[in-house]
Amino acid sequence: MRNDSRLSRMLHVLIHMDKHQHSATSDMIAKMLNTNPVVVRRTMAGLREQGYVRSEKGHGGGWTLVRPLSEITLLDVYRAIGEPHLFAIGPADDQPQCLVEQAVNVVLGDAMKEAQALLLRRLDSVTLDKIGADFEAKLTALPARSYSCAS
(Lines give C-alpha, C1' and ligand atoms only; values in the text may rest on other atoms or scores of the structure.)
Protein backbone atom coordinates (compact mmCIF):
# COMPACT_ATOMS: atom_id res chain seq x y z
CA MET A 1 0.00 0.00 0.00
CA ARG A 2 1.35 3.39 -0.99
CA ASN A 3 1.80 6.08 1.67
CA ASP A 4 -0.56 9.04 1.55
CA SER A 5 1.76 12.05 1.70
CA ARG A 6 -0.88 14.78 1.32
CA LEU A 7 -0.57 15.94 4.94
CA SER A 8 3.20 16.21 4.78
CA ARG A 9 3.07 17.91 1.39
CA MET A 10 0.47 20.48 2.43
CA LEU A 11 2.39 21.27 5.62
CA HIS A 12 5.47 21.80 3.42
CA VAL A 13 3.50 24.13 1.13
CA LEU A 14 2.00 26.17 3.97
CA ILE A 15 5.38 26.70 5.65
CA HIS A 16 6.83 27.90 2.32
CA MET A 17 3.84 30.16 1.74
CA ASP A 18 4.45 31.79 5.12
CA LYS A 19 8.10 32.46 4.26
CA HIS A 20 7.34 34.15 0.92
CA GLN A 21 5.64 37.49 0.41
CA HIS A 22 4.03 36.67 -2.93
CA SER A 23 1.27 34.26 -3.86
CA ALA A 24 2.16 30.81 -5.15
CA THR A 25 0.54 29.52 -8.31
CA SER A 26 -0.65 25.93 -8.61
CA ASP A 27 2.11 25.42 -11.19
CA MET A 28 4.79 26.64 -8.75
CA ILE A 29 3.50 24.41 -5.98
CA ALA A 30 3.20 21.45 -8.36
CA LYS A 31 6.86 21.84 -9.38
CA MET A 32 7.90 22.00 -5.73
CA LEU A 33 5.96 18.80 -4.97
CA ASN A 34 6.72 17.05 -8.25
CA THR A 35 3.03 16.61 -9.03
CA ASN A 36 0.32 17.94 -11.31
CA PRO A 37 -1.25 21.41 -10.80
CA VAL A 38 -4.71 19.80 -10.88
CA VAL A 39 -3.74 17.71 -7.85
CA VAL A 40 -2.54 20.87 -6.12
CA ARG A 41 -5.79 22.72 -6.82
CA ARG A 42 -7.88 19.79 -5.62
CA THR A 43 -5.90 19.44 -2.40
CA MET A 44 -5.64 23.17 -1.71
CA ALA A 45 -9.42 23.51 -2.17
CA GLY A 46 -9.98 21.89 1.23
CA LEU A 47 -7.60 24.36 2.85
CA ARG A 48 -9.45 27.21 1.13
CA GLU A 49 -12.84 25.92 2.30
CA GLN A 50 -11.57 25.92 5.89
CA GLY A 51 -10.26 29.49 5.59
CA TYR A 52 -6.51 28.81 5.77
CA VAL A 53 -5.68 29.93 2.22
CA ARG A 54 -7.34 31.87 -0.55
CA SER A 55 -6.91 31.74 -4.29
CA GLU A 56 -7.08 34.40 -6.95
CA LYS A 57 -7.29 33.77 -10.66
CA GLY A 58 -5.49 35.61 -13.43
CA HIS A 59 -2.19 37.41 -13.77
CA GLY A 60 -0.57 37.84 -10.37
CA GLY A 61 -3.01 35.38 -8.86
CA GLY A 62 -2.34 32.21 -6.97
CA TRP A 63 -2.60 30.84 -3.46
CA THR A 64 -1.97 32.95 -0.37
CA LEU A 65 -2.02 32.13 3.31
CA VAL A 66 -4.78 34.01 5.15
CA ARG A 67 -4.30 32.74 8.69
CA PRO A 68 -1.10 32.91 10.73
CA LEU A 69 0.69 29.60 11.19
CA SER A 70 0.20 29.95 14.95
CA GLU A 71 -3.54 29.49 14.40
CA ILE A 72 -3.29 26.33 12.28
CA THR A 73 -2.64 22.90 13.79
CA LEU A 74 -1.54 19.74 12.08
CA LEU A 75 -5.01 18.38 12.88
CA ASP A 76 -6.61 21.34 11.10
CA VAL A 77 -4.68 20.55 7.93
CA TYR A 78 -5.36 16.82 8.27
CA ARG A 79 -9.08 17.52 8.43
CA ALA A 80 -8.95 20.05 5.58
CA ILE A 81 -7.40 17.51 3.23
CA GLY A 82 -10.16 15.01 3.89
CA GLU A 83 -8.87 12.98 6.86
CA PRO A 84 -6.93 10.35 4.94
CA HIS A 85 -6.40 6.92 6.52
CA LEU A 86 -3.85 7.14 9.29
CA PHE A 87 -2.75 3.52 9.23
CA ALA A 88 -2.17 0.94 6.54
CA ILE A 89 -3.08 -1.97 8.81
CA GLY A 90 -6.58 -3.02 9.73
CA PRO A 91 -8.89 -5.93 10.39
CA ALA A 92 -9.43 -8.75 7.92
CA ASP A 93 -12.83 -9.59 6.54
CA ASP A 94 -11.98 -12.75 4.61
CA GLN A 95 -13.89 -15.09 6.92
CA PRO A 96 -16.41 -13.02 8.92
CA GLN A 97 -17.95 -16.17 10.41
CA CYS A 98 -14.57 -17.34 11.79
CA LEU A 99 -14.40 -16.86 15.56
CA VAL A 100 -10.61 -16.43 15.46
CA GLU A 101 -10.90 -13.65 12.87
CA GLN A 102 -13.60 -12.00 14.98
CA ALA A 103 -11.41 -12.13 18.11
CA VAL A 104 -8.40 -10.77 16.22
CA ASN A 105 -10.48 -7.96 14.72
CA VAL A 106 -11.81 -6.89 18.13
CA VAL A 107 -8.30 -6.63 19.58
CA LEU A 108 -6.89 -4.89 16.49
CA GLY A 109 -9.89 -2.55 16.33
CA ASP A 110 -9.44 -1.50 19.96
CA ALA A 111 -5.71 -0.96 19.50
CA MET A 112 -6.26 1.06 16.32
CA LYS A 113 -8.88 3.27 18.01
CA GLU A 114 -6.45 4.01 20.86
CA ALA A 115 -3.58 4.71 18.48
CA GLN A 116 -5.73 6.97 16.30
CA ALA A 117 -7.00 8.94 19.30
CA LEU A 118 -3.43 9.44 20.54
CA LEU A 119 -2.19 10.54 17.12
CA LEU A 120 -5.08 12.97 16.61
CA ARG A 121 -4.43 14.52 20.04
CA ARG A 122 -0.78 14.97 19.09
CA LEU A 123 -1.68 16.52 15.71
CA ASP A 124 -3.97 18.95 17.54
CA SER A 125 -1.17 20.00 19.91
CA VAL A 126 1.27 21.16 17.21
CA THR A 127 0.83 24.44 15.36
CA LEU A 128 2.53 25.16 12.06
CA ASP A 129 4.54 28.03 13.54
CA LYS A 130 6.43 25.42 15.60
CA ILE A 131 7.46 23.68 12.38
CA GLY A 132 8.42 27.04 10.87
CA ALA A 133 10.56 27.85 13.92
CA ASP A 134 12.30 24.49 13.64
CA PHE A 135 12.99 25.19 9.97
CA GLU A 136 14.41 28.63 10.80
CA ALA A 137 16.68 27.20 13.50
CA LYS A 138 18.03 24.58 11.11
CA LEU A 139 18.45 27.16 8.36
CA THR A 140 20.51 29.51 10.52
CA ALA A 141 22.80 26.63 11.49
CA LEU A 142 23.69 25.90 7.86
CA PRO A 143 26.61 27.49 6.01
CA ALA A 144 25.54 30.21 3.59
CA ARG A 145 24.00 28.98 0.32
CA SER A 146 23.80 25.34 1.40
CA TYR A 147 19.99 25.23 1.65
CA SER A 148 18.09 23.90 -1.32
CA CYS A 149 14.38 23.38 -1.74
CA ALA A 150 12.53 24.07 -4.98
CA SER A 151 9.86 26.61 -4.09
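Use the structure listed above.
Residues numbered from 1 in each chain as written. Predicted model: local features only at pLDDT ≥ 70, side-chain atom pairs only at ≥ 80, totals over all residues. Heavy atoms only, no water.

Participant: Would you mind going over the environment of Arg9 with me for this structure?
Facilitator: Of note, Arg9 is situated in helix 1 (residues 6–19). The spacing of Arg9 and Leu120 is 111 residues in sequence and 18 Å in space, taken between C-alpha atoms. (Helix = DSSP H or I, 4+ residues; strand = E, 2+ residues; numbered from the N terminus.)

Participant: Honestly, the side chain of Thr127 in this entry has me stumped. Any pointers?
Facilitator: Structurally, Thr127 can be placed in the loop between helix 5 (99–125) and helix 6 (128–141). Of note is the side chain of Thr127, whose polar atom sits 2.2 Å from the side chain of Asp129. Apart from residues lying up to four places away in sequence, Thr127 is in contact with Leu69, Ser70, Ile72 and Thr73. (Polar contact = N/O pair within 3.5 Å; in protein donor to acceptor, adjacent residues only side chain to side chain. Contact = heavy atoms within 4.5 Å.)

Participant: When you look at the side chain of Asp76 in this model, what are you seeing that I'm missing?
Facilitator: Relative to the assigned elements, Asp76 resides in helix 4 (residues 74–80). Among buried charged residues, Asp76 stands out as having no salt bridge; its nearest opposite-charge side chain is Arg79, 5.3 Å away. Aside from chain neighbours lying at most four places away, what touches Asp76 is Tyr52 and Glu71. (Buried < 20%, exposed > 50% of the residue type's maximum accessible area, 1.4 Å probe, protein only. Lys, Arg positive; Asp, Glu negative; His and termini not counted. Salt bridge = Lys/Arg side-chain N within 4 Å of Asp/Glu carboxyl O.)

Participant: Honestly, the pattern of salt bridges in this entry has me stumped. Any pointers?
Facilitator: A side chain of one charge can pair with a side chain of the opposite charge when the charged atoms of the two come close. With the rule as written, the count across this model stands at 6 salt bridges. The salt bridge partner of Lys19 is Glu136, with a shortest N-O separation of 3.2 Å. One end of the pair, Lys19, is in helix 1; the other, Glu136, is in helix 6, with 117 residues separating them in the sequence. The class for Lys19 is partly exposed, based on a relative accessible area of 31%. One salt bridge in this structure joins Lys138 and Asp134, with 3.2 Å as the shortest N-O distance. Residue Lys138 and its partner Asp134 are located together in helix 6, separated by 4 residues, close to a single helical turn. Since its relative accessible area comes to 51%, Lys138 is described here as exposed. Each of Asp18, Lys19 and Glu136 takes part in salt bridges that share partners, so that together they form one network.

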